[in-house]
Amino acid sequence: MSDNRRSFIKKTTSLAAATTLGGLGSLVKANEYRQSIPVREYAKDAGMQLSEAYFRGMEEKRVNFCKQLDVLGAVTGVRTAEGLKPWDPQAIKTNKEAWEKIGLKWNVVEGPPSLGEKTKLGLEGRDEEISNFITFMKNLKQYGGVDVICYNWMPVVGWYRTNNAYPGRGGALMTAFDYEDVKNAEPTKYGKVTKEALWKNLEYFLKAVMPEAEKVGMKLAMHPDDPQVDSIKGIERIMTSPANFERMMKMYPSVYNGVTLCQGNFSLMGDVDIPKLVRKWGKDKIHFVHFRNVQDLSGKKPSTKFTETFHDEGQIDMYAAMKAYYDIGFTGPLRPDHVPCMASDTNDFPGYSNIGILFALGYIRGLMEAISKEKLKTKTA
């Protein structure tokens, strides 16, 4: 065992002791209670897996907050020790055990390893990347117990904002985007990358990967391009409309070839009604949800200028959206995304400050409980 791995496990063990309030017994009892009644009857989370993202590892404050809120799903990547690849069984086992030790359930990998520029741009070496990705899928399911991978098709230029401190309600800091600030930016070293090339490379990837995903039961959940504009720095974008997502799903029809329904991006694509879209695609296509709200500032469709908002403002009817997930029987993982930085918090990781996440989780939990209890009352009336 390397020193890095020892350090990782030691830190995890100490964190488990620090974050267990009243011992793990109370969590076990709560989970036993949950499992003793039908999942659709459990009003607290409406049968969904309320989760939080840990993109910077096991942040003690965030773990504490989420355990106190009984938000036990963990969305994250794979931390590796020296000498291990992220798709190695031991690396995956170590991550699974680490999350379990602190009382959380690792349920989604977001930003999978071995899916990079070579695959998305069709460069030499993509077959090796794809082979490693397939190995990762198989081992993640077998040794990690994770069955959802959230990925995207944004090579070179991924998530992009032009302002990470846009003034919002009460002086909160939001992330925002304005295409005017980036439309004349110099192309990347790859020059112009066309939509045609991206579609061709995506089809190659899906036809190689999806048969193996079906064998192990791994759900691949495509995330929209963010922002959903036509191109940035010479790199065109294709995951920018519901129609394009349907084209992607038709390339390899399968219940395992689905969507991360990131509400903000879909809402900014134009005339997209989120509750209607949820009902159209249903639980067989929606594998993972980013429950977030936004506000278009451009007046254009699709939007070329927008800001993130608090969950209780913005252009999406959040109550109607949550009701739609409940109505289709969605029981997968759902997490807040891109929250504001509030007073006394730091904005060193824009969109993911702890206090903003607390507000978002409480708001989401309230919607879940209200809708599930409302449905139960109607059912028993």
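As the structure is a computational prediction, the values presented were derived from the model and not from experiment.

Participant: Explain the overall build of the protein to me, please; I cannot follow it from the model alone.
Facilitator: When you go through the protein residue by residue, the secondary structure sums to 12 helices and 14 strands. Within the span of the protein, comprising 381 residues, buried residues form 54% of the whole. Within the protein, counting contacts between residues at least 6 apart in sequence, those at least 24 apart form 74% of the total. With an accessible surface of roughly 16,400 Å², the protein has 50% of that area assigned to carbon and sulfur atoms.

Participant: What should I look at first to understand unusual backbone geometry in this one?
Facilitator: In most cases, non-glycine residues show a negative phi, while peptide bonds are predominantly trans. For the bond from Asp 226 to Pro 227, the omega torsion is 5 degrees, close enough to zero to count as cis. Note that the residue after Lys 301, namely Pro 302, is joined by a cis bond; omega there is 0 degrees. Its location among the elements puts Pro 302 in the loop between β12 (294-296) and β13 (305-308). Here His 338, not a glycine, exhibits a phi torsion of approximately 55 degrees, which is positive. Tracing the backbone through its elements, the reader meets His 338 in the loop between β14 (333-336) and α12 (354-380). The exposure class of His 338 is buried, given its relative accessible area of 4%.

Participant: Teacher, can you tell me more about the packing of helix α4 (residues 89-101) against helix α6 (residues 126-144) here?
Facilitator: A pair of packed helices is characterised by two quantities: the angle between their axes and the separation of those axes. Two numbers describe how α4 lies on α6: the axes approach to 9 Å, and their chain directions differ by 40 degrees. When the interaxial angle is binned, α4 and α6 end up oblique. Between α4 and α6 lies a crossing whose hand is right-handed. Contacts from Pro 89, Ile 92, Lys 93 and Lys 96 in α4 reach Phe 136, Asn 139, Leu 140, Tyr 143 and Gly 144 in α6.

Participant: In this structure, what is going on with the side chain of Ser 267? I would like to understand it.
Facilitator: If you trace the backbone, Ser 267 turns up in helix α9 (residues 263-267). Ser 267 has contacts with Val 272, Ile 274, Val 294, Gln 315 and Ile 316, leaving out every residue within four places of it along the chain.

Participant: Explain the sheet that holds β13 here, please?
Facilitator: Strands pair in a sheet through their backbones, by hydrogen bonds, and they do so in one of two ways: parallel or antiparallel. Read from one edge to the other, the open sheet built from four strands follows the order β5-β6-β13-β12, with strand pairing classed as antiparallel. Here the strands that pair on one side only, and so sit at the sheet edges, are β5 (163-167) and β12. Across the sheet, the axes of successive neighbouring strands diverge by a mean angle of 35 degrees, strand direction being ignored. By the bridge criterion, three bridges tie strand β6 (residues 173-178) to β13 in an arrangement that is antiparallel. Paired with Asp 178 across the two strands is Lys 305, which belongs to β13.

Participant: Before we go on, may I ask you to explain the pairing of β14 in this structure?
Facilitator: The side chains of a regular strand alternate, residue by residue, between the two faces of the sheet. Residues Pro 333 and Arg 335 point to one face of β14 and Leu 334 and Pro 336 to the other, with burial holding for every one of them. Alignment of strand β1 (residues 49-53) against β14, held across two bridges, turns out to be parallel. Residue pairing across strands places Gln 49 opposite Pro 333, the latter belonging to β14. By the bridge criterion, three bridges tie strand β11 (residues 286-291) to β14 in an arrangement that is parallel. When the bridges of β14 are listed, Val 289 appears paired with Leu 334.

About the criteria used
- Residues numbered from 1 in each chain as written.
- Predicted model: local features only at pLDDT ≥ 70, side-chain atom pairs only at ≥ 80, totals over all residues.
- Heavy atoms only, no water.
- Helix = DSSP H or I, 4+ residues; strand = E, 2+ residues; numbered from the N terminus.
- Buried < 20%, exposed > 50% of the residue type's maximum accessible area, 1.4 Å probe, protein only.
- Contact = heavy atoms within 4.5 Å.
- Areas by Shrake-Rupley, 256 points an atom, 1.4 Å probe, with all protein chains shown as cover.
- Axes fitted to C-alpha atoms, helices over the stretch in contact; angles between N-to-C directions.
- Parallel < 35°, antiparallel > 145°, perpendicular 65-115°, else oblique.
- Left-handed = near helix turned anticlockwise from the far one by under 90°.
- Pairing = 2+ DSSP bridges.

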